[in-house]
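Topology and contacts: notes
Chain by chain, the residues run as shown.
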Amino acid sequence: MNRLSLSTLRLLCLGACCVAGSYCAAENPAFPGADPHVAVFGNKYWGYPSHSTNPNIQFHSFDFVAYSSTDLVKWEESEPILKIEDISWIKEDGAKDHWLWAPGIAEKNGKYYLYFSVGPQNPTPSRIGVAVSDAPDGKFEDIGQPLLTGGDGFEAIDPMVFQDKDGTAYFYAGGSAGAKLRVFRMKPNMIEFDEEIKVDTPPNFTEGAFMHEIDGTYYLSYSHGGWNNPNYSVHYATAKSPVGPWEYHGAILTSGPKHKGPGHHSFFQHPKTGQWYIAYHYWPSTKNEPPLEGQRQCAIQKVTFHADGTIDKVVPSDESPEPAPLP
């Protein structure tokens, strides 16, 4: 399903008035794509997904776009914020084809840092790059070299940067075939590593690590299962530091009757109300066997934390959160 047909479907179902590049998201999904990293910058929510309009070529994205919203209901698509041809080192591995996926976003001192995966993963190893901008919707400029290259059983994919309360930035990456998590402490410039920190890979880890913190508890959440399999799901572990040791708590997001393989997610919080949300992708499908097919979509739902700090299970839903304007 491409963008036009998705918007048209919403027009028919909601009787709403959408314009090109906009989504009247009175229901999930919020926007098309996969691997959404949603964050709050200023008075807008910003969503950064893997971006492909071809349902038959899931990973062959040749640019990134951003989606923005003031209320979690209506989302607008940006112009491309980073194009594959603007990555100067993209062809240095000698591979015939290349594509982009799994962006992660971070902000520091008014600069925005877009971390991204570059394929293929075989026969050449995957790589992670970083591009910098003065605004959340770009245009982002590549730094001129990869930040991390895979190899020796490690796949350099699915970057995520978490900034702790003391300002220290931690970089998380890895997964899939090697199912190995690596963590680095970053230098203050956000485009170089200070040192690698040896961590244990948590139980049932496949890929898509995400870190957030609440009242001194650090939540490492991640995807488990096959990316096009109904067993794809979100699990989590907690720790008293950003680097473990991890206490595993199990799955919090699994397939529903018509939302299959939910995962590769992000958490974000409303800065005034304190309400937490999860953004994730899923396959609109009723299949219970792989491979899942079609165009993945990105959904957003509320998250509830129990008094003991554990996370209530999230049930995939067609209902989006109610409007949540930013201050």
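Reading guide: rules and limits
- Residues numbered from 1 in each chain as written.
- Predicted model: local features only at pLDDT ≥ 70, side-chain atom pairs only at ≥ 80, totals over all residues.
- Heavy atoms only, no water.
- Pairing = 2+ DSSP bridges.
- Helix = DSSP H or I, 4+ residues; strand = E, 2+ residues; numbered from the N terminus.
- Axes fitted to C-alpha atoms, helices over the stretch in contact; angles between N-to-C directions.
- Salt bridge = Lys/Arg side-chain N within 4 Å of Asp/Glu carboxyl O.
- Buried < 20%, exposed > 50% of the residue type's maximum accessible area, 1.4 Å probe, protein only.

1. Describing the sheet that holds strand β20 (residues 233–239)
Strands sit in the order β18-β19-β20-β21 across an open sheet of four strands; the sheet is antiparallel. Each having just a single partner strand, β18 (207–214) and β21 (247–253) make up the two edges of the open sheet. Neighbouring strand axes in the sheet, compared pairwise and without regard to direction, differ in orientation by 25 degrees on average. In the sheet, strand β19 (residues 217–224) pairs with β20 via seven bridges, with the strands oriented antiparallel. Note that in β20 the partner of leucine 220 across the bridge is alanine 237.

2. Looking at the pattern of salt bridges
This structure, assessed with the given rule, holds nine salt bridges. Between glutamate 322 and lysine 302 there is a salt bridge; the shortest N-O distance is 2.5 Å. One end of the pair, glutamate 322, is in the segment after β24 (297–303); the other, lysine 302, is in strand β24, with 20 residues separating them in the sequence. A relative accessible area of 36% means that lysine 302 is categorised as partly exposed. Sharing partners across several salt bridges, the network here consists of Asp164, Lys165 and Glu213.

3. Quick word on the pairing of strand β14 (residues 160–163)
Along any regular strand the residues' side chains alternate between the sheet's two faces. For β14 and strand β15 (residues 169–173), the ladder comprises four bridges, and the chain directions are antiparallel. Paired with phenylalanine 162 across the two strands is tyrosine 170, which belongs to β15. In this antiparallel pair of consecutive strands, β14 and β15, the connection spans five residues, and glycine 167 shows a positive phi of 95 degrees.

4. A short note on unusual backbone geometry
What is expected of a backbone is that most residues other than glycine have negative phi and most peptide bonds are trans. That bond from glycine 138 to lysine 139 is cis: its omega, 10 degrees, falls within 30 degrees of zero. For lysine 139, the location among the structural elements is in the loop between β11 (127–133) and β12 (141–142). With an omega dihedral of 0 degrees, the bond running from proline 290 to proline 291 counts as a cis peptide bond. As for its position among the elements, proline 291 is in the loop between β23 (276–284) and β24. The phi angle at aspartate 152 is positive, at roughly 55 degrees, despite the residue not being glycine. As for its placement among the helices and strands, aspartate 152 is situated in the loop between β13 (148–149) and β14. Even without glycine at this site, aspartate 215 takes up a positive phi of about 50 degrees.

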